Amino acid sequence: MFHDVRFPASLSFGSVGGPERRTEIVTLANGFEERNAPWAHARRRYDAGMGLRSLDDLEALIAFFEARQGQLHGFRWKDWADYRSAAQAAAVGPGDQLIAVGDHATASFQLVKAYRSGPAEYLRPIRKPVAGSVRIGLSGDELLEGVDWEVDTATGLVTFAVPPAADAQITAGFEFDVPVRFDTDRIAVSVASFRAGELPSVPVVELRL
């Protein structure tokens with residue numbers, strides 16, 4: 001089960017983590033390699049323990065962990081290094097990301113974020129947009145939420161009141177969270193060690209939804 005609650009953002013701010021890819025590499029007899037990527041999408045991992053700064057933080061972490069019953073329930077996580085549709089220095093706008101092109105029939109579209117480098121591009125599905133942060137554009141014009149479109153913050157699906165016209169560019173701007181769960185059922189804490197600067201390891205892993 002997924003709990004639609006965010007891990008305290010003040011604690012995730014100091015965490016360490018990021019995307020993980022899986023690549024299978026076979027070295028042939030002639031020394032050449034064959035590489036295969038069984039995962040279409042990266043899976044992110046973090047360490048929640050790295051963001052703890054006080055005993056109050058430690059208490060908040062334990063309370064959150066117990067409420068999720070360890071690994072049992074998923075939750076939202078703010079990845080401070082990557083949580084917006086726009087660049088870090090820019091404001092979120094309705095034209096940030098091209099999410100689809102209209103066909104005069106389809107009314108629902110998945111939010112996505114594009115990662116580009118040179119000729120390569122990766123489209124990441126955004127499943128957990130932040131409520132109130134989503135902005136939608138159609139062929140350069142911003143549309144009104146609740147009138148022209150609605151977003152399901154549990155899935156990242158945007159649904160239009162009227163299917164967009166053929167070839168109309170559908171764009172979006174948003175903030176988003178990562179769906180995750182704890183990757184352990186145990187937290188080992190020593191107050192004396194914590195006061196001495198030793199932080200507990202609390203692994204968190206992204207959920208496939």
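Relevant structure appears above.
Model, not experiment: these values are computed from the prediction.

### A closer look at a nonpolar patch on the surface
Line of reasoning, step 1. Residues Val-16, Met-50 and Leu-199 make up a contiguous nonpolar surface patch of about 220 Å² in total accessible area.
Line of reasoning, step 2. Looking at the secondary structure, you find Met-50 in the loop between strand S5 (43-47) and helix H2 (55-67).

### Re the pattern of salt bridges
Line of reasoning, step 1. One pass over the full model with this rule turns up 12 salt bridges.
Line of reasoning, step 2. Here Asp-177 ties to Arg-6 by a salt bridge, and the two come within 2.9 Å at their closest N and O atoms. Taken as a pair, Asp-177 in strand S17 (residues 176-182) and Arg-6 in strand S1 (residues 2-6) lie far apart in primary sequence, 171 residues in all.
Line of reasoning, step 3. A residue is classified by how much of its surface remains accessible, and Asp-177, at 4% relative accessible area, is buried.
Line of reasoning, step 4. Here the salt bridges share partners, and the residues they tie into one network are Asp-4, Arg-6, Arg-76 and Asp-177.

### As for the pairing of strand S6 (residues 74-77)
Line of reasoning, step 1. Where S1 lies against S6, two bridges are found, and the strand directions are parallel. Across the sheet, Arg-6 pairs through a bridge with Arg-76, a residue of S6.
Line of reasoning, step 2. Here S6 pairs with S17 via three bridges, running antiparallel. If you follow Trp-77 over to S17, its bridge partner there is Val-178.

Calculation notes
- Residues numbered from 1 in each chain as written.
- Predicted model: local features only at pLDDT ≥ 70, side-chain atom pairs only at ≥ 80, totals over all residues.
- Heavy atoms only, no water.
- Patch = residues over 30% accessible without salt bridge, like charges linked within 9 Å, V, L, I, M, F, W, Y side chains within 5 Å.
- Areas by Shrake-Rupley, 256 points an atom, 1.4 Å probe, with all protein chains shown as cover.
- Salt bridge = Lys/Arg side-chain N within 4 Å of Asp/Glu carboxyl O.
- Helix = DSSP H or I, 4+ residues; strand = E, 2+ residues; numbered from the N terminus.
- Buried < 20%, exposed > 50% of the residue type's maximum accessible area, 1.4 Å probe, protein only.
- Pairing = 2+ DSSP bridges.

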